[in-house]
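Residues per chain, in single letters:
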Amino acid sequence: MHYQSLNPATGRVLENWTPHTPEEIEHALHSAHQLYQSAWSKGDRTPRLQLLRAIADQLEQNLEPLATAASEEMGKLIAASRGEVRFCAAIARYYADHAETFLAPVSYPTDLGEAWLEHHPIGVIMAVEPWNFPYYQLIRVLAPNLAAGNPVICKHAQIVPRCAHLFAQVVKDAGAPAGVWSNLFITAQQVATLIADPRVQGAALTGSERAGSAIAEQAGKHLKKTTLELGGNDVFVVLDDADLPRAAQEAAAARLSNAGQVCTGAKRFLIQEAIYDDFLALFREAMSQAVMGNPLDEKTTLGPLSSKEALQRLHEQVDAAVKHGATVLLGGAPVDGEGFFYPPTILADIALDNPARQQEFFGPVAQVYRVKSDNDVVALANDSPYGLGGAIFSSNIERAKQLASRIEAGMVFINSASDTAPELPFGGVKLSGFGRELSDLGIKEFVNQKLVVVAKG
Ligand code: NAP
């Protein structure tokens, strides 16, 4: 275990962090459980919703240090880092505004008498989160659970300890009582021990299938509820009647955003035959315009990958794809020099037996496929172990809607790349996981939906 801040644009170590001791872990769990048992968690929601608003204010007041930390630790472009912090504030305010409505009792007409469903907190939630959106991933768990009354213990990724620390400080400075949000620098084994503890009642993980499978196994063994937000190999479909210049611009942005390290990033580009060559020329041009460099420089449009290991893995995946017959149309090898940079890359001719077809490439590498009919689009889109998001570009909205309903994914966008908003459910199917975050659905994942019935007469 090594919690270390390291700048991926330079490869230089910024800071080493000390892991939490077993005593500190027990103290965090004890505080969280005490909080759950108190009126603060189980009583009137108003103080918790006020705290959410205070957290939103704190996030905005600390915009620059938070944004700079993200850009320095995991390489996000500074403008995107600022956008992420503002978006976190919006999510906090969204739940502050809507939690009362979402968690209000729901009446159920029945012959048995008067019946209604109440929403109660269930206990401490273990959150395990990835580095690619080092604040957004955290607020997606904190905001609904704070509103509902569940304390959260978080194990963040080892490469973003400064972000983890600053986020915990924001919550504290907003006036949170001990236990609302506990950041712990701990091992996978210590996460397993926490999940096994009877005081922990749920586990929320965002990350790879490998981590998802480990968390689900531990949670299953101890009968704890889980939500898993895992990887994706999303399609970006361009139908033969699409606005090609617009689709090409959006396609490049969707593949290069966050240096390609987005779970819902467009990864497989399904282009209909009639417009394949025209689209590809525009797409290649748009991808080539990326300006690689220091993420703190406002002129940069493509930052580094998050770590040396991420760069090596992507490099190996591209090499393996090429060995299995793929053609490199753009890029295709890491950039020499300091930092972990990989250029915009386009792979074509990915045959049925090429393992790349079924893999998530977590970097700026696009796979392009030539497809014939609308049925072929659906068949290729669904030929994936993942089912997170997807996008369809067409000037015929009815046609696009019909395809959207046939694609096996948790989210499909028409004439826009995949996006996210506080009020929209987020999640996937198949190896992309289960459960939903954000929206009214996200706040219902870890609540006791308790039925109360008053018998007739
Ligand atoms: P990762 O290696 O799975 O790490 C995610 C988190 O899980 C980290 O905190 C990691 O800790 C932890 N972890 C890993 N193995 C674990 C285990 N056995 N027990 C407990 N914790 C464990 O994922 P990543 O490479 O950082 O993130 C990229 C993946 O996340 C991609 O597949 C991406 O698509 C997915 N993702 C999904 C969504 C979504 O909402 N669906 C959003 C963002 C990212 P360490 O740092 O200590 O290893």
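Participant: Would you take a moment to explain the overall build of the protein for this structure?
Facilitator: In terms of regular secondary structure, the protein is built from 15 helices and 20 strands. Over its C-alpha trace the protein gives a radius of gyration of 23 Å, about what one expects of a compact globule, namely 23 Å for 457 residues. When burial is assessed residue by residue, the protein has 55% of its 457 residues classed as buried. For the protein, the share of sequence-separated contacts (at least 6 apart) that also reach a separation of at least 24 residues comes to 73%. Distance between charge centres in the protein, computed from 38 positive and 51 negative side chains, equals 3 Å.

Participant: Sorry, what's going on with the state of the cysteines here?
Facilitator: Each disulfide consists of a covalent bond between the sulfur atoms of two cysteine residues. Under the counting rule described, the total for this entry stands at 0 disulfides. A disulfide-free cysteine, C154 has its sulfur positioned 12 Å from the sulfur of C163, the nearest such atom. A relative accessible area of 1% means that C154 is categorised as buried.

Participant: Hey, could you run me through the pattern of salt bridges in this one?
Facilitator: Oppositely charged side chains are able to pair whenever their charged atoms sit close together. Using the criterion set out here, one finds 22 salt bridges in the structure. Where D57 meets R93, a salt bridge forms, and the shortest distance between an N and an O atom there is 2.9 Å. Of this pair, D57 sits in helix α3 (residues 46-61) while R93 sits in helix α5 (residues 78-102), and the two are 36 residues apart along the sequence. Judged by its relative accessible area of 34%, D57 falls in the partly exposed class. Residue class for R93 comes out partly exposed when judged on its relative accessible area of 26%. For R199, the salt bridge is made with D197, and the minimal N-O distance between the two is 3.0 Å. As far as the burial class goes, R199 and D197 line up, both buried. Each of the salt bridges in this network shares a partner with another, and the network as a whole consists of D240, D241, D374 and R399.

Participant: I would appreciate a short explanation of the nonpolar core in the present structure.
Facilitator: Generally speaking, a soluble globular protein has its nonpolar side chains buried in company with each other. In this structure, I55, I139 and W181 are the most contacted members of the largest nonpolar core, which totals 61 residues. Residue contributions to this core peak at 10 residues, all from α5. Beyond its immediate chain neighbours, meaning those up to four positions away, I139 contacts I55, L59, C88, I91, A92, P144 and F167. Counting 59 residues, the second largest nonpolar core, distinct from the first, contains V235, L330, Y342 and A404.

Participant: How should I be thinking about the sheet that holds strand β19 (residues 433-434) in this particular structure?
Facilitator: Strand-to-strand pairing in sheets goes through backbone hydrogen bonds, with the strands running parallel or antiparallel. The strand order across the open sheet built from 6 strands is β7-β6-β5-β8-β9-β19, with neighbouring strands paired in mixed fashion. In this open sheet, the two strands that pair with only one neighbour each are β7 (181-183) and β19. Relative to strand β9 (residues 225-229), strand β8 (residues 200-206) is paired through 5 bridges, and the arrangement is parallel. Its bridge partner lying in β9, T206 is registered against E229. Its contacts with the sheet put helix α8 (residues 188-196) on β5 (124-128), β6 (152-155) and β8, and the angle it makes with β5 is roughly 155 degrees. Most of the contacts of helix α9 (residues 209-221) go to β8, to which it runs at about 170 degrees, and overall it touches β5, β8 and β9.

Rules of the game
- Residues numbered from 1 in each chain as written.
- Predicted model: local features only at pLDDT ≥ 70, side-chain atom pairs only at ≥ 80, totals over all residues.
- Heavy atoms only, no water.
- Helix = DSSP H or I, 4+ residues; strand = E, 2+ residues; numbered from the N terminus.
- Rg over C-alpha atoms; globule rule 2.2 N^0.38 Å.
- Buried < 20%, exposed > 50% of the residue type's maximum accessible area, 1.4 Å probe, protein only.
- Contact = heavy atoms within 4.5 Å.
- Lys, Arg positive; Asp, Glu negative; His and termini not counted.
- Charge placed at Lys NZ, Arg CZ, Asp CG, Glu CD.
- Disulfide = S-S within 2.5 Å.
- Salt bridge = Lys/Arg side-chain N within 4 Å of Asp/Glu carboxyl O.
- Core = buried A, V, L, I, M, F, W, Y, C linked by side-chain atoms within 4.5 Å.
- Pairing = 2+ DSSP bridges.
- Axes fitted to C-alpha atoms, helices over the stretch in contact; angles between N-to-C directions.

Bear in mind that shape data such as this cannot, by itself, settle questions of function.
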